[in-house]
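The lines below spell out each chain.
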Amino acid sequence: MTVTTLSTVDADGHAVRSALSDAVGRLDDAIRPVVAYHLGFCDERGRPVVADSGKSVRSRLTMLAAHAAGGDGLCGIPGAVAVELVHNFSLVHDDLMDRDATRRHRPTVWAVWGDPVAVLAGDAMLSLSHEVLLDSGSPHAMAAARLVGKATQDLIIGQAADVDFEHRNDVGLAECIRMAMGKTAALLSASAAVGGVLAGAPPATVAALQAYGDNIGLAFQLVDDLLGIWGDPAVTGKPVFSDLRSRKKSLPVTWCLESGRPAGQALAQWLAQSGEPSEHDLRAAAGMVETAGGRRWARAEARRRVRTAQQALTTVTLTPEYRRELCDLADFIVERSA
């Protein structure tokens, strides 16, 4: 990702990380170390560490949107912290539901403390996200909190659909896209919109930022789905073919199922099977997705969504250097390897 204002990027990142740490400090003694561990502030014994805290795309998006809409360097921070907390609430619960024992090359919360603590840690982050916004003193805090609340509802609906897909063999591409728009795009869209709202931007600007976020959100999920099949385990932290191992109805997979091509029909038969697939089976299934065109389609669709997102930013007045950084962030999302 090309960055035009490196000092601002660094300052924003440090400010958000510091504010996030302060917010976690509000939690009670029982749950605070668990949340701090998940966010990479400490190890499982509470000892301070410098651990991988993720890509911070959502908080970065909020800060860029606030700058682009003409806000100062501080107005977006409560929103950036809020969207990071919501995102991480969803990760802790996702890990529990999927029984994923590692994230960011460390044991997940449920794997260290058990299921009940993981549920409570996620709940604590979700509650804290709204507290941070409403206590910010911003005249736009309530509007921002409504956006975050709606995005959270959409995220949960999308996650519920994703769980339902595990038990169905008739999942279509259109409903898979709707699921992804809730599970992934909703919070990215809100992240951009919240930045504009906290900067006091007019409705048209907020709408353009929201449209930008919707499109990069779907692009993000498309790339995630590609990485879930072909990602490098050393980079992603997940086994190769991880989504196929669970026979997940991801976007490239559902596209193949609707393609009518022989490889897509063979993939449908494989997905309908039960039992633990072998490494040979997984390689064969990945080959079916590629032969049917799912890999090529997902990459092309992700790039098309990025172009649409970038076009949305040209319809309103934004600070030029930050519009460029938003465009760069979109490019990073579609070209990333983790």
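Computed from a predicted structure; not experimentally measured. (Residues numbered from 1 in each chain as written. Predicted model: local features only at pLDDT ≥ 70, side-chain atom pairs only at ≥ 80, totals over all residues. Heavy atoms only, no water.)

Topic: the overall build of the protein
Link 1 in the chain: Helix and strand content of the protein: 16 helices and two strands.
Link 2 in the chain: Relative to the compact-globule value of 20 Å for 338 residues, the protein shows a C-alpha radius of gyration of 20 Å, a close match.
Link 3 in the chain: With respect to the principal axes defined by its C-alpha atoms, the protein has extents near 55 × 50 × 30 Å.
Link 4 in the chain: When the accessible area of the protein is evaluated, it comes to approximately 14400 Å², of which 54% is carbon and sulfur surface.
Link 5 in the chain: Across the protein, the centroid of the 34 positively charged side chains sits 4 Å from that of the 40 negatively charged ones. (Helix = DSSP H or I, 4+ residues; strand = E, 2+ residues; numbered from the N terminus. Rg over C-alpha atoms; globule rule 2.2 N^0.38 Å. Areas by Shrake-Rupley, 256 points an atom, 1.4 Å probe, with all protein chains shown as cover. Lys, Arg positive; Asp, Glu negative; His and termini not counted. Charge placed at Lys NZ, Arg CZ, Asp CG, Glu CD.)

Examining the pattern of salt bridges
Link 1 in the chain: Following the criterion strictly, the structure yields 19 salt bridges and no others.
Link 2 in the chain: Salt-bridge contacts for R168 lead to E175; the nearest nitrogen and oxygen are separated by 2.8 Å.
Link 3 in the chain: D224 is paired through a salt bridge with R336; the nearest N and O atoms lie 3.0 Å apart. Of this pair, D224 sits in helix α9 (residues 203-230) while R336 sits in the segment after α16 (320-335), and the two are 112 residues apart along the sequence.
Link 4 in the chain: In the salt-bridge network here, residues are joined through shared partners; they are D164, R168, D170 and E175. (Salt bridge = Lys/Arg side-chain N within 4 Å of Asp/Glu carboxyl O.)

Topic: empty space enclosed by the protein
Link 1 in the chain: Summed over all chains, the structure comprises two cavities of 30 Å³ or more.
Link 2 in the chain: If you add up the space inside the largest cavity, you get close to 80 Å³.
Link 3 in the chain: Lining the largest cavity we find Y37, H38, D52, D95, R103, R104, R106, P107, T108 and V109.
Link 4 in the chain: For the lining of the largest cavity, the secondary-structure elements that each account for two or more residues are α2 (32-38) and β2 (106-107).
Link 5 in the chain: In terms of residue class, the lining of the largest cavity is made up of three nonpolar, two polar and five charged.
Link 6 in the chain: In this structure, the second largest cavity occupies an estimated 40 Å³ of space. (1 Å grid on protein atoms, 1.4 Å probe; cavity = no way out; pocket = protein on both sides within 12 Å on 5 of 7 lines; lining within 4 Å. Points joined across faces, edges and corners; volume = space filled by probe spheres on them. Nonpolar A, V, L, I, M, F, W, Y, C, P; charged D, E, K, R; others polar.)

Here we look at unusual backbone geometry
Link 1 in the chain: Backbone geometry at H105 places phi at a positive 65°, although glycine is not the residue there.
Link 2 in the chain: Positionally, H105 belongs in the loop between β1 (102-103) and β2.
Link 3 in the chain: Judged by its relative accessible area of 53%, H105 is exposed.
Link 4 in the chain: Here the phi dihedral of F241 falls at roughly 65°; this positive angle occurs in a residue that is not glycine.
Link 5 in the chain: When you line up the elements, F241 lands in the loop between α10 (233-236) and α11 (242-245).
Link 6 in the chain: Using a relative accessible area of 10% as the deciding quantity, one classes F241 as buried. (Buried < 20%, exposed > 50% of the residue type's maximum accessible area, 1.4 Å probe, protein only.)

Overview of α16
Link 1 in the chain: Here α16 spans 23 Å end to end across 16 residues, near enough to the 22 Å set by a 1.5 Å rise per residue.
Link 2 in the chain: Looking at α16, one finds that the buried residues are Y322, E325, L326, C327, D328, L329, A330, I333 and V334. (Expected span 1.5 Å × (residues − 1).)

Overview of the packing of aromatic side chains
Link 1 in the chain: By the definition in use, this model includes two aromatic pairs.
Link 2 in the chain: Look at Y37 and W113: their rings are 5.2 Å apart centre to centre, the planes differ by 75°, and that puts the pair in the edge-to-face class. Pair noted here: Y37 is in helix α2 and W113 is in helix α5 (residues 109-113), with a separation of 76 residues, a long-range link.
Link 3 in the chain: An angle of 10° between the planes, with centres 5.8 Å apart, marks the rings of W255 and W297 as stacked. Note that W255 is positioned in helix α12 (residues 251-259) and W297 in helix α15 (residues 294-312), a separation of 42 residues in sequence. In this pair, the class of W255 matches that of W297, namely buried.
Link 4 in the chain: In this arrangement the basic side chain of R58 is found over the ring face of F220, its NZ or CZ atom lying 5.3 Å from the centre. (Phe/Tyr/Trp six-rings, centres within 6.5 Å; stacked < 30°, edge-to-face > 60°. Lys NZ or Arg CZ within 6 Å of the ring centre and 35° of its normal.)

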